[in-house]
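Listed here are the chains, written in short residue letters.
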Amino acid sequence: MKQPVRIALSVALCLSVPGCKTSQPTSQPEPAPVAPAEPAPTPAAEGPETWVGAVELPGDGKLRFVAHLEPPRAGDAKPAWSGRLDIPAQSVKDFPLQDVHVAADAVDFVLAPPGAPENQWAIFSFEREAGADEVKGTLSQAGQSLPATARKLKPGEPVDVAPKRPQEPKPPFPYATREAAFASAARDKVALAGSFTLPEGPGPFPAVVLLTGSGAQDRDEALMGHRPFFVLADHLTRAGFAVLRFDDRGVGGSKGYLDKASQLDLVGDARGALDWLAQQPEVDKTRLGLVGHSEGAMIAAKTAAADKRVGAIVMLAGPGVSGKDILVQQLVALARARGVAQADIDAQVVLQKQLLDGLAGNKKRADLEAILRKLVALQAGDAATPQQVDALVSASLTSLDTPWFHDFLKADPRVDLRKLKKTPVLALIGALDLQVPADGNIPELQQALAKAGNKQATVKSLPGLNHLFQHAKTGSPAEYGDIEETMAPEALGEVSGWLRTNLSEAPGK
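These lines cover the structure that appears in this document, whether it is placed above or below. Please read these numbers as outputs of a predicted model, since none were measured by experiment.

### Things to note about the pattern of salt bridges
For the structure on display, the rule yields 27 salt bridges. As a salt-bridge pair, Glu49 and Lys152 come within 3.8 Å of each other at their nearest N and O atoms. Taken together, the residues Glu49 in strand β1 (residues 49–57) and Lys152 in strand β9 (residues 144–152) connect sequence positions 103 residues apart. Note on accessibility: Glu49 and Lys152 belong to one class, buried. Across the pair Asp307 and Arg309 runs a salt bridge whose closest N-O atoms are separated by 2.8 Å. On the basis of relative accessible area, Asp307 is assigned to the buried category, the value being 4%. Assessed through its relative accessible area of 26%, Arg309 is described here as partly exposed.

What follows is the structure in structure tokens.
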């Protein structure tokens with residue numbers, strides 16, 4: 001659950017490009033896109049143009065982009081500009097643009113992913129003064145409109161918008177890396193793919209599987225230019241652990257459909273990864289562990305409760321309450337961080353609980369739509385037009401009414417943790433986490449493990465860290481991309497140091 005499930009809006013913009021993850025919810029939509037005016041005559045083009053810009057995200061974050069725009073070619077039957085878009089923080093590169101328009105008074109282009117409905121298209125629209133090299137405008141998508149600016153680079157000027165990621169591992173590596181391909185142990189036996197890193201030396205080595213959070217994640221759990229699982233796998237492998245990380249269903253080299261998977265299917269994926277690890281000659285199959293982030297932590301607990309091979313689990317930002325309750329906690333924490341009045345928060349909580357209860361109870365779509373419409377209207381205030389509310393309601397219901405989401409609402413990690421009587425458990429939550437708030441989850445984790453009688457459980461909050469275990473100012477998801485750090489050294493050290501002590505040779509429950 002690296003990103004909270006979208007209830008109405010997105011706090012960190014994520015364009016609907018294949019491979020891009022759904023992002024965090026917000027409650028302040030902007031005006032819907034305005035129909036473009038009649039285009040001004042296009043000035044004579046001298047050559048290709050490169051525009052670098054940024055979209056302003058709620059919470060003071062920015063999403064940077066590069067638009068490579070090409071003028072009409074001589075001899076074209078219908079002369080028109082074309083272009084490609086880069087969004088480094090979301091690993092989007094050379095994505096084709098359509099409806100590119102470059103004029104003395106405007107610069108416009110549209111990113112339209114194949115098969116996406118028109119309300120999911122990303123529409124960039126900028127006003128321009130007399131051919132100026134700097135423009136201001138908006139990005140509109142799914143009923144939202146966010147401020148954006150762009151600047152045309154001078155010929156030969158370098159493009160430098162990629163976020164700095166100083167922790168990104170770079171070769172040569174003091175360990176081996178090889179591809180992994182295996183079948184899920186779930187009933188559908190879906191094919192999964194990942195990366196396996198192996199320390200130097202004869203082995204056999206203790207080994208762990210990394211389990212991603214909610215949403216379609218790749219093996220590196222890539223988000224906003226960060227690759228947390230790449231950093232974590234590198235750290236753990238250097239510390240003497242073999243590490244397997246793999247793409248979620250439907251992502252990268254893995255097959256299947258994530259939104260149709262239940263939590264039991266995801267447990268099957270984790271068990272398939274353990275099966276593969278146990279077959280590797282360099283791995284000590286008596287010392288196998290799981291490290292899960294957010295929803296992945298819930299899957300780690302559920303897998304450990306069902307599979308005696310699991311010798312230890314690490315829960316990074318793992319909820320201690322049900323899926324339904326964590327979504328309510330998220331709404332409250334994010335709204336408070338934005339300064340929303342408590343009375344308004346209380347009203348939103350009532351509506352969200354009604355919506356989630358309705359989804360869990362399989363209410364008719366019309367009934368759910370009515371509740372969601374009230375929630376969106378309350379969150380948006382006077383800022384949203386009827387058309388914008390319609391777009392948000394439609395997009396939200398489509399994303400929420402899936403088998404995975406229905407199952408997630410009912411999932412409760414406390415049930416599984418109470419079964420772990422002897423399995424060592426490390427649970428860490430950042431004190432600034434707004435997606436899995438420490439004060440609402442650490443006591444629940446502690447109580448569940450105490451009821452199990454588990455004497456090898458450690459539950460703690462890490463000061464100053466957010467949901468991704470970055471050092472943060474507020475913990476807002478909008479900060480994730482602007483923070484250069486991918487994962488705090490003290491968080492990495494907590495995990496590797498604890499595993500050295502607790503991944504024993506005699507796993508038990």
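There's plenty left to go through after this.
### Side note on the side chain of Glu282
Mapped onto the elements, Glu282 comes out in the loop between α2 (263–278) and β14 (283–293). Of the polar contacts made by the side chain of Glu282, one reaches the side chain of Arg178; its length is 3.0 Å.

### A closer look at the nonpolar core
Proteins that are soluble and globular tend to have nonpolar side chains buried together. Counting residues in hydrophobic clusters, the biggest one holds 75 residues, and the most contacted among them are Leu277 and Ile313. Among the elements that take part in this core, α2 stands out by supplying 7 residues, more than any other. Each residue touching Ile313, except ones within four places of it in the same chain, is listed here: Leu290, Ala300, Ala301, Ala304, Leu420, Thr423, Pro424, Val425, Leu426 and Trp498. In terms of nonpolar packing, the next biggest core, distinct from the first, is built from 31 residues, Leu57, Phe65, Val92 and Val100 among them.

### Digging into the sheet that holds strand β12 (residues 205–211)
Spatially, 8 strands are ordered β10-β11-β13-β12-β14-β15-β16-β17 in an open sheet, and the strand pairing comes out mixed. This sheet does not close on itself; its edge strands, each paired only once, are β10 (175–183) and β17 (457–462). Across this sheet, the average inter-strand angle for adjacent strands is 20 degrees, counted without regard to direction. In this sheet, β17 lies alongside strand β16 (residues 425–430) in parallel orientation, the contact comprising 6 bridges. Directly across from Leu426, in β17, lies its bridge partner Thr458. Running over the sheet, helix α3 (residues 295–306) touches β12, β14 and β15 (310–316) and is turned about 140 degrees from β14.

### Some details on the packing of helix α5 (residues 342–360) against helix α6 (residues 365–380)
Their axes nearest at 9 Å, the elements α5 and α6 cross at an angle of 160 degrees. The angle between α5 and α6 places the two elements in the roughly antiparallel class. For the pair α5 and α6, the sense of crossing is left-handed. Counting all contacts with α5, which are made through Asp344, Ala347, Gln348, Leu351, Gln352, Gln354, Leu355, Gly358 and Leu359, the residues of α6 involved are Leu368, Ile371, Leu372, Lys374, Leu375, Leu378 and Gln379. Here the contact of α5 with α6 is built from residues that sort into 9 nonpolar, 5 polar and 2 charged.

### Some points on unusual backbone geometry
The step from Pro171 to Pro172 runs through a cis peptide bond, and the omega angle for that step is 0 degrees. Positionally, Pro172 belongs in the loop between β9 and β10. Residue Pro204 is reached from Gly203 by a cis peptide bond, and omega for that bond is 0 degrees. Residue position: Pro204 is located in the loop between β11 (191–199) and β12. Unusually for a residue other than glycine, Met224 sits at a positive phi of about 50 degrees. Note that Met224 resides in the loop between β12 and α1 (228–238). By relative accessible area, which is 7% here, Met224 ends up buried. The residue Asn362 is not glycine, and still its phi comes out positive at about 55 degrees. If you trace the backbone, Asn362 turns up in the loop between α5 and α6. Classification of Asn362 by relative accessible area gives exposed; the value is 60%.

### Observations concerning the sheet that holds strand β3 (residues 82–87)
Each strand in a sheet pairs with its neighbour through backbone hydrogen bonds, running either in the same direction (parallel) or in the opposite one (antiparallel). Taken together, the 9 strands give an open sheet; going across it, the order is β4-β3-β2-β1-β9-β8-β7-β6-β5, and neighbouring strands pair in antiparallel fashion. Strands at the two margins of the open sheet, each flanked by one partner only, are β4 (92–96) and β5 (98–102). The average angle at which neighbouring strand axes cross in this sheet is 20 degrees, direction not considered. Pairing analysis gives 5 bridges linking strand β7 (residues 122–127) to strand β8 (residues 134–141), with the strands arranged antiparallel. Directly across from Ile123, in β8, lies its bridge partner Ser140.

### Notes on helix α4 (residues 323–337)
With 15 residues, α4 extends 21 Å from end C-alpha to end C-alpha; this agrees with the ideal 21 Å at 1.5 Å per step. With 11 of its 15 residues buried, α4 lies for the most part within the structure. Where α4 is buried, its residues touch α5, α6, α8 (403–410) and α10 (438–452). Looking at the residues trailing α4, positive phi occurs at Gly339, about 85 degrees.

Reading the values: the criteria
Residues numbered from 1 in each chain as written. Predicted model: local features only at pLDDT ≥ 70, side-chain atom pairs only at ≥ 80, totals over all residues. Heavy atoms only, no water. Salt bridge = Lys/Arg side-chain N within 4 Å of Asp/Glu carboxyl O. Helix = DSSP H or I, 4+ residues; strand = E, 2+ residues; numbered from the N terminus. Buried < 20%, exposed > 50% of the residue type's maximum accessible area, 1.4 Å probe, protein only. Polar contact = N/O pair within 3.5 Å; in protein donor to acceptor, adjacent residues only side chain to side chain. Core = buried A, V, L, I, M, F, W, Y, C linked by side-chain atoms within 4.5 Å. Contact = heavy atoms within 4.5 Å. Pairing = 2+ DSSP bridges. Axes fitted to C-alpha atoms, helices over the stretch in contact; angles between N-to-C directions. Parallel < 35°, antiparallel > 145°, perpendicular 65-115°, else oblique. Left-handed = near helix turned anticlockwise from the far one by under 90°. Nonpolar A, V, L, I, M, F, W, Y, C, P; charged D, E, K, R; others polar. Expected span 1.5 Å × (residues − 1).

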